[in-house]
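Structural overview
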Amino acid sequence: RSGHLMVWTGSLALVWGGGPAGGGRYVLGHGADDDGDGFSECQGDCNDGDASVWFVPSEVGGLSFGADKATLTWAPATSGSVAAPKYTLFRSPRADLFLAANCVATQVAATTATDSEAPATGQAFYYLVGAADSCTRSTLDGSWSDGTPRTATCGP
């Protein structure tokens, strides 16, 4: 790279501009583990100032209905902190729209919740479960398999 500018912040090298073509802004990693939790920022530590948290919990899988057709259960997420993740169960009448879904359960520690509401005849409900911990990001934030953004929030 030529014609660029670099600044050392004391812990990060910020490099931007220059060529050969165009340019960009780069943050070159932080290899040190500042909080001693075994993970550095380069290894994905979401808060390298707090040893009790290191990464966003894994996606939640295994969502299924119980025999009573009202109780939903799911597999626990792999936690990214000392504290166990909390779960939010979202329900939507559309498989492709969880932007303003109804929340059946919000920030619960259990891997089970009950939804006694049934869809109208000829309709269906779709469910997603997201996990969050002290990294404060739900695992529902991300992308669908086709690459489009996926975010769920609780609607009215």
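Fair warning: this is a prediction, and the values are worked out from it, not measured in the lab. (Residues numbered from 1 in each chain as written. Predicted model: local features only at pLDDT ≥ 70, side-chain atom pairs only at ≥ 80, totals over all residues. Heavy atoms only, no water.)

In terms of regular secondary structure, the protein chain is built from 0 helices and 11 strands. Reading the helices (α) and strands (β) of the protein chain from amino to carboxyl end gives β-β-β-β-β-β-β-β-β-β-β. By the burial criterion, 29% of the 156 residues in the protein chain qualify as buried. Put simply, the protein chain shows about 9,100 Å² of open surface, and 56% of that area lies on carbon and sulfur atoms. (Helix = DSSP H or I, 4+ residues; strand = E, 2+ residues; numbered from the N terminus. Buried < 20%, exposed > 50% of the residue type's maximum accessible area, 1.4 Å probe, protein only. Areas by Shrake-Rupley, 256 points an atom, 1.4 Å probe, with all protein chains shown as cover.)

With that settled, consider the environment of Val129. Mapped onto the elements of the fold, Val129 is located in strand E9 (residues 126–132). Spatially, the C-alpha atom of Val129 lies 6.3 Å from that of Val60, the residues being 69 residues apart in sequence.

For the rest of this paragraph, the subject is the side chain of Asp37. Position of Asp37 among the secondary structure elements: in the loop between strand E3 (25–28) and strand E4 (64–65). At 2.9 Å, the side chain of Asp37 forms a polar contact with the backbone nitrogen of Phe39. Ignoring any residue separated from it by four or fewer positions in sequence, one finds Asp37 in contact with Asp45, Asp48, Asp50, Ala51, Val53 and Trp54. (Polar contact = N/O pair within 3.5 Å; in protein donor to acceptor, adjacent residues only side chain to side chain. Contact = heavy atoms within 4.5 Å.)

This brings us to unusual backbone geometry. Although it is not a glycine, Lys69 adopts a positive phi angle of roughly 60°. Its place among the elements puts Lys69 in the loop between E4 and strand E5 (71–73).

So, on to the sheet that holds strand E6 (residues 86–92). Within the open sheet, the 3 strands sit side by side as E7-E6-E9. Their pairing is antiparallel. Looking at strand neighbours, the two that pair on one side only are strand E7 (102–108) and E9, the edges of this open sheet. For this sheet the average axis-to-axis angle between neighbouring strands, irrespective of direction, equals 10°. Relative to E7, E6 is paired through 4 bridges, and the arrangement is antiparallel. Each residue of the ladder has a partner; that of Leu89, found in E7, is Ala105. (Pairing = 2+ DSSP bridges. Axes fitted to C-alpha atoms, helices over the stretch in contact; angles between N-to-C directions.)

Turning our attention to the sheet that holds E4. The strand order across the open sheet formed by 3 strands is E4-E5-E8, and the pairing between neighbours is antiparallel. Each edge of the sheet is formed by a strand with only one pairing partner; in this case those strands are E4 and strand E8 (112–114). Two elements, E4 and E5, share 2 bridges in a ladder whose sense is antiparallel. The residue of E5 that forms the bridge with Phe65 is Leu72.

On to the nonpolar core, then. Membership of the largest hydrophobic core is limited to 11 residues, which are Val60, Leu72, Trp74, Ala77, Tyr87, Leu89, Ala105, Ala113, Tyr127, Val129 and Ala131. Sorting the residues of this core by element identifies E6 and E9 as the ones contributing at least two each. Of the residues forming this core, the biggest block, 3 residues, is contributed by E9. Dropping the residues within four chain positions of it, Leu72 is found in contact with Leu63, Ser64, Phe65, Leu89, Thr111, Thr112, Ala113, Asp115 and Tyr127. (Core = buried A, V, L, I, M, F, W, Y, C linked by side-chain atoms within 4.5 Å.)

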